[in-house]
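What follows is the residue order along each chain.
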Amino acid sequence: MNEQHFRELSAARALHALSAEEEQAFSRALAEHPDWQAVVDEDRETAAALGAATPEVAPPASARATILDLISKTQQFDPIDPSADPADPTSGSDPDPALASAPPPARGARSNAPAGSGRGRRRAAGWFALAASVAVLLTGALVFPWGDIVGPKDPVSVALQQVEAARDAQVASAELPDGATAALHWSTQAQQAVFVTEGMRGAPAEHDYELWIVRGDRPISVGVMRIDRDGSAAMLAPGFEPGDALAVTVEEEGGSPTGAPTTDPIMVVATA
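Caption draft 1: Quick look at the pattern of salt bridges. This structure, assessed with the given rule, holds 6 salt bridges. A salt bridge links Arg-201 to Asp-178, with the nearest nitrogen and oxygen atoms 4.0 Å apart. Taken together, the positions of Arg-201 in the loop between β3 (192-198) and β4 (207-215) and Asp-178 in the loop between β1 (170-175) and β2 (181-187) put the pair 23 residues apart, joining distant regions of the chain.

What follows is the structure, given as structure tokens:
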């Protein structure tokens, strides 16, 4: 596993979004590269900061009606008295002899116990606990926008995972004299190709890198490639076919104005 893939897993793990298989892969990679722990710590701090920075949102007026509706539809049970003897049917019950000697109510009959009786108080307490629990759950869902954080995954990351999971996954790589590396991951079965760089310097001022699929002598622009501060980049390469080469050129800001490379490539990854 390269560092770029580990960073993607670490970010998802900070949001508790890893599958069991991804969690195992993450743990193995961290054991092999303990120096990547700094990435994990940074992602945890970022996730915590996102949660702290999220403004609270007042629940809508319909929340109260929703809670009451849930209460009315939920079967209620009397709480168990821990001091009661299971073998004694009267143990833990109300000491009122009238209640103790009264015949059990018919099935389906409503209880007419006074609101101030022990049974009434216990039932009221049970309802209140349920209402409080539902309110906490609803408030948590309303106040914390989980959907904004644990949203759809980045399509490049999804494509890379699909490639790595495919049986025919292949990779070709190249290296620049300054140590920067690039790799193309592809799978015919997954119908995906992803170009990834590591340790690459940003493009010169007022210029951009542009990625090209080179098929024979015909270059096909994939688009402008943005380099992150850590020197990494990842792009889909739609239309790639096995045997194509991928090349990176330095173009004017925004990409080649002619639709064709205007400079010699600084990096070429061949797959033939």
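Okay, back to it.
Caption draft 2: Main features of the packing of aromatic side chains. Summed over all chains, the structure comprises 2 aromatic pairs. Look at Phe-6 and Trp-36: their rings are 4.8 Å apart centre to centre, the planes differ by 40°, and that puts the pair in the tilted class. Remark: Trp-36 occurs in the loop between α2 (20-32) and α3 (37-53) and Phe-6 occurs in helix α1 (residues 3-14); sequence separation between them is 30 residues.

Caption draft 3: Structural detail: the sheet that holds β3. If you walk across this open sheet you meet the 4 strands as β1-β2-β3-β6, and the pairing is antiparallel. Taken across any chain shown, the strands that pair with only one partner, and hence form the sheet edges, are β1 and β6 (233-236). The mean angle between the axes of side-by-side strands here comes to 15°, regardless of whether they run parallel or antiparallel. Here 4 bridges tie β3 to β6, and the two strands are oriented antiparallel to one another. Looking at the pairing, Val-194 lines up with Leu-236 of β6. Relative to β3, helix α8 (residues 155-165) is tilted by about 110°, and along the sheet it contacts β2, β3 and β6.

Definitions and limits used
- Residues numbered from 1 in each chain as written.
- Predicted model: local features only at pLDDT ≥ 70, side-chain atom pairs only at ≥ 80, totals over all residues.
- Heavy atoms only, no water.
- Salt bridge = Lys/Arg side-chain N within 4 Å of Asp/Glu carboxyl O.
- Helix = DSSP H or I, 4+ residues; strand = E, 2+ residues; numbered from the N terminus.
- Phe/Tyr/Trp six-rings, centres within 6.5 Å; stacked < 30°, edge-to-face > 60°.
- Pairing = 2+ DSSP bridges.
- Axes fitted to C-alpha atoms, helices over the stretch in contact; angles between N-to-C directions.
- Contact = heavy atoms within 4.5 Å.

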